[in-house]
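# A look at the structure
These are the residues of each chain, in order.
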Amino acid sequence: MKMIIAAIKPFKLEEVREALTDIGIAGLMVTEIKGFGAQAGHTEIYRGAEYEVNFVPKMKLEIVVAADQADQVVETITNTARTGKIGDGKIFVLDVAQAVRVRTGETNLEAL
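Residues numbered from 1 in each chain as written. Predicted model: local features only at pLDDT ≥ 70, side-chain atom pairs only at ≥ 80, totals over all residues. Heavy atoms only, no water.

## Notes on the pattern of salt bridges
Counted by the stated rule, this structure contains five salt bridges. Here Arg17 ties to Glu14 by a salt bridge, and the two come within 2.5 Å at their closest N and O atoms. Linking Arg17 with Glu14, this pair stays in helix H1 (residues 13-22), spanning three residues, or about one helical turn. Judged by its relative accessible area of 36%, Arg17 is partly exposed. Given the relative accessible area of 40%, Glu14 is considered partly exposed. Its salt-bridge partner being Arg101, residue Glu106 comes within 2.6 Å of it at the nearest N-O pair. (Salt bridge = Lys/Arg side-chain N within 4 Å of Asp/Glu carboxyl O. Helix = DSSP H or I, 4+ residues; strand = E, 2+ residues; numbered from the N terminus. Buried < 20%, exposed > 50% of the residue type's maximum accessible area, 1.4 Å probe, protein only.)

## Section: the side chain of Lys58
When you line up the elements, Lys58 lands in strand E5 (residues 56-65). No salt bridge forms around the buried Lys58; measuring N to O, its nearest opposite-charge neighbour Asp88 is 6.8 Å away. Here Gly87 takes part through its backbone oxygen, which lies 2.4 Å from a polar atom of the side chain of Lys58. (Lys, Arg positive; Asp, Glu negative; His and termini not counted. Polar contact = N/O pair within 3.5 Å; in protein donor to acceptor, adjacent residues only side chain to side chain.)

## A look at unusual backbone geometry
If a residue is not glycine, its phi is most likely negative; likewise, a peptide bond is most likely trans. Positive phi outside glycine occurs at Asn108, with the angle close to 50°. Tracing the backbone through its elements, the reader meets Asn108 in the segment after strand E6 (89-95).

## Observations regarding the pairing of E5
Looking along a regular strand, one sees the side chains alternate between the two faces of the sheet. Of all 10 residues that make up E5, seven are buried, and the element is covered over most of its length. Bridge count for strand E1 (residues 2-8) against E5 is seven bridges, and the pairing is antiparallel. Among the inter-strand pairings, Ala6 is bridged to a residue of E5, identified as Leu61. As paired elements, strand E2 (residues 29-35) and E5 share seven bridges and run antiparallel to each other. Opposite Glu32, over in E5, you have Met59 as the bridge partner. (Pairing = 2+ DSSP bridges.)

Set out below in structure tokens:
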């Protein structure tokens, strides 16, 4: 099993979710996050005062899939979330040693 962690732009979330559903992904976890990288940050004006925003809002997706599905999921997220501009995000793929469905006690692939 593989866990795919993706940080994407917030406005791309629904489009990515739909694309993942289309390839048969039944579930994922989403968290609102803030971070910085090459995009760095930007300046905003609030009540007449200019200040720097160092952390940019992103959405973090966490998806656990069978190992043979991982490449397709990464490709789907990459193609759907890409705008071609700086700050499109990152994707990480990790090995998952075990999964358990709490309600039934099913493990590993059956738990997904």
